[in-house]
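Topology and contacts: notes
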Amino acid sequence: MRVGYVEIENFRGIKQLRWVPAGGVNCLIGPGDSCKTTILDAVALALSPRHTLSFDDLDFFGGDFKNAAKIIVTLTDLPDEFISDSAYASYLRGISNDGKVVDEPPLPENGQLALSIMLSIDEGLEGTWTLWNERVAADDLKQRSLSYAHRSAVAPARLGVYADRHLSWGRNSTLSRMSEGAAGTQDILARAGRLARNHFKTEAAELFKLSLENVTLAAKKVGLALPSTIAAGLDVQNLAITNGSIAIHDGEVPLRALGMGSSRLLVAALQDHSKASSCLTIIDEVEHGLEPHRIVRLLKHLKSKDRVSPQVFITSHSPVVIRELSVHDLHIVRRSEDGGVTVRRADKKYSKRDPQAPPRSMPEAYLAPTVLIGEGKTEVGLLKGLDDYWVTQHLDNLALKGIALADGGGVDHAPALAGQFCGLGYQVGLLLDSDQDPADKEILGKLENAGVKVFRWDRDCSTEDVLFRQLPLAAVEMLFDYTLTFLEPEAILDAANKPRQPDDCFNSIEQVRACLNDATVLDALAARAKGKKKRDSEDLHGAWYKDIAKAEHIAQNILGPHLREAHKGVQETVSALRSWIDGHS
């Protein structure tokens, strides 16, 4: 049994949501306040075996209790006992092969049988759980709910941030479900109370001796003779020893004293062992309290085909989780200002790009609302350096604006990456050189029509051209000196001499530096800075600044401080980029 469809209306931060979960792991990712946890809460509440839950005004969208909150969870892959139960026959629905809920049970070749459970919360803060279909909505069928036994069967196993209670034999804990002798704990508790009473009586004789003497004297004053055998003892009726008082211990220390991560790992294993749910496992912030290597182990466990409840709903803000899961497990959550929430599968393709590659190489980008993509490492480094420079100018940093940087991997790959993120609901910016256009001549126009903001340098300019040819002389001299910190002078001398005649070559690096106002010299240095062409290939290698750290230093210390004296085209591109950044909150 699994969840095949989820509908939410007017619940907490969600005005409306329609979602088709996958059969295995469904990892909800996205920025804060996108209602990821609210989705988990809604599903857990709708499938709760307890129909006595309390609600308040904050459970309604915008606090407006006049509009009922509704959560409909449609279950499929139903066990035979649900299908054969005559009480449910009239309430059966279906999920078609294309993921749509249909009100009439479909033929086997067209879909699967399903049951929808609706939780409705009215302004009286009462929750009503009913089996739901259009016939119930039209009052052609009377309202009814699952039996308690079946509600327990569909109830999800939920692992919260604090898992302590599942390490004791308390009510509804995982241990109480998996322990064969749990029903006999009442007898054990009674004997534990007697032991406590007898032990206390022995140890307390001296402790309470003076108090008891005062009690006897006080009684005599009112003519009451108390027996000489009075003693301090425990009243077992008032002794709060419950099932929850019995917990797993390591020596004298209860296992609830384990670290948070260890406790959650243990409880996750116990829930599977106890078959806590055959329907669904829910974990909010799956990485909470766990080191990366243990996150990896837990994810492998959750994806295991041997688990009783193979469907899992989790949320995460961890790049480790995104990197380790398959792209098919990732679901992007987005919330609009009007409360509409969408959940998109991250495996959506754009162009010919493999959708699995970005989660592996740039998982952090999936956790921000906005992605700014640089054509390559040089552009990403420049953006990082400009970000640092802008902070010194008292401007908001990229993190504050919710913007993550991503390496596009080249002029042909970067636009496709931008299209992929745009298709998943992200706001996207793209910084490209203009010395070479993408092989797909139409892709940039398509991206701009889709809402991607494309930034480019002046026509026929690479980033290296901008640095050498469009910055003021003082900035070029600083760039030249910085390049000498990681390149041998001979390499720069060879680059400057490449277009020159033998009798006109520079003999020293000082001569080159003295001619940094010469356009021919600057063109030669810029050309070599881009890298050399490999034999029989258009690919470049040995580029000077295709390194994020180097480009970051250049932008922070050279490009940023000299922007006001730079070529007009550079100023306009950077200004447009900054305006786009400031447009995000």
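Description of the structure in this document. (Residues numbered from 1 in each chain as written. Predicted model: local features only at pLDDT ≥ 70, side-chain atom pairs only at ≥ 80, totals over all residues. Heavy atoms only, no water.)

1. So, the pairing of strand β2 (residues 14-19)
Cut-off, in case you're wondering: Two strands pair under a simple rule: DSSP has to find at least two bridges between them. Starting at the N terminus, helices and strands are each numbered in turn, a helix being any DSSP run of H or I of at least four residues and a strand any DSSP run of E of at least two.
The pairing of strand β1 (residues 2-11) with β2 spans five bridges and is antiparallel. By the bridge assignment for β2, Ile-8 is matched with Leu-17. Of the strand pairs in this sheet, β2 and strand β15 (residues 340-345) are connected by two bridges, and their pairing is parallel. When the sheet's bridge partners are listed, Gln-16 is paired in β15 with Gly-340.

2. Describing helix α17 (residues 489-497)
Quick reminder of the rule: Three exposure classes are used, based on accessible area relative to the maximum for each residue type with a 1.4 Å probe and protein chains only: buried under 20%, partly exposed in between, and exposed over 50%. We call two residues contacting when some pair of their heavy atoms lies within 4.5 Å.
Of the residues making up α17, those classed as buried are Ile-492, Leu-493, Ala-495, Ala-496 and Asn-497. Each element contacted by the buried residues of α17 is listed here: α16 (473-483), α18 (509-514) and α19 (519-529).

3. Points about the packing of helix α13 (residues 413-423) against helix α14 (residues 443-450)
Here is the rule we go by: Orientation is described by lines fitted to C-alpha atoms, with helices fitted over the stretch in contact, and by angles between N-to-C directions that extend from 0 to 180 degrees. Any angle between 65 and 115 degrees counts as roughly perpendicular, while under 35 counts as roughly parallel, over 145 as roughly antiparallel, and the rest as oblique. The crossing is said to be left-handed when, going from far helix to near helix, the turn is anticlockwise and less than a right angle, and right-handed when the turn is clockwise. Under the scheme applied, nonpolar residues are Ala, Val, Leu, Ile, Met, Phe, Trp, Tyr, Cys and Pro; charged residues are Asp, Glu, Lys and Arg; polar residues are all the others, including Gly.
Interaxial distance between α13 and α14 falls to 10 Å at its minimum, and their mutual angle equals 25°. In terms of orientation, α13 lies roughly parallel with respect to α14. Along this stretch, α13 crosses α14, giving a crossing that reads as left-handed. Of the residues in α14, those touching α13 at Pro-415, Ala-416, Ala-418, Gly-419 and Cys-422 are Ile-443, Leu-444, Leu-447 and Ala-450. Of the residues contributing to the contact of α13 with α14, the split by class is eight nonpolar, one polar and no charged.

4. Points about α13
Note: α-helices contain 3.6 residues per turn, so residues at a spacing of three or four share the same orientation. Of all eleven residues in α13, nine are buried, a share of seventy percent or more. What α13 keeps buried is the set Ala-414, Pro-415, Ala-416, Leu-417, Ala-418, Gly-419, Gln-420, Phe-421 and Cys-422. Each element contacted by the buried residues of α13 is listed here: α11 (357-361), β16 (370-374), β17 (403-407), β18 (427-432) and α14. Within two residues after α13, Gly-425 carries a phi angle of roughly 100°, on the positive side.

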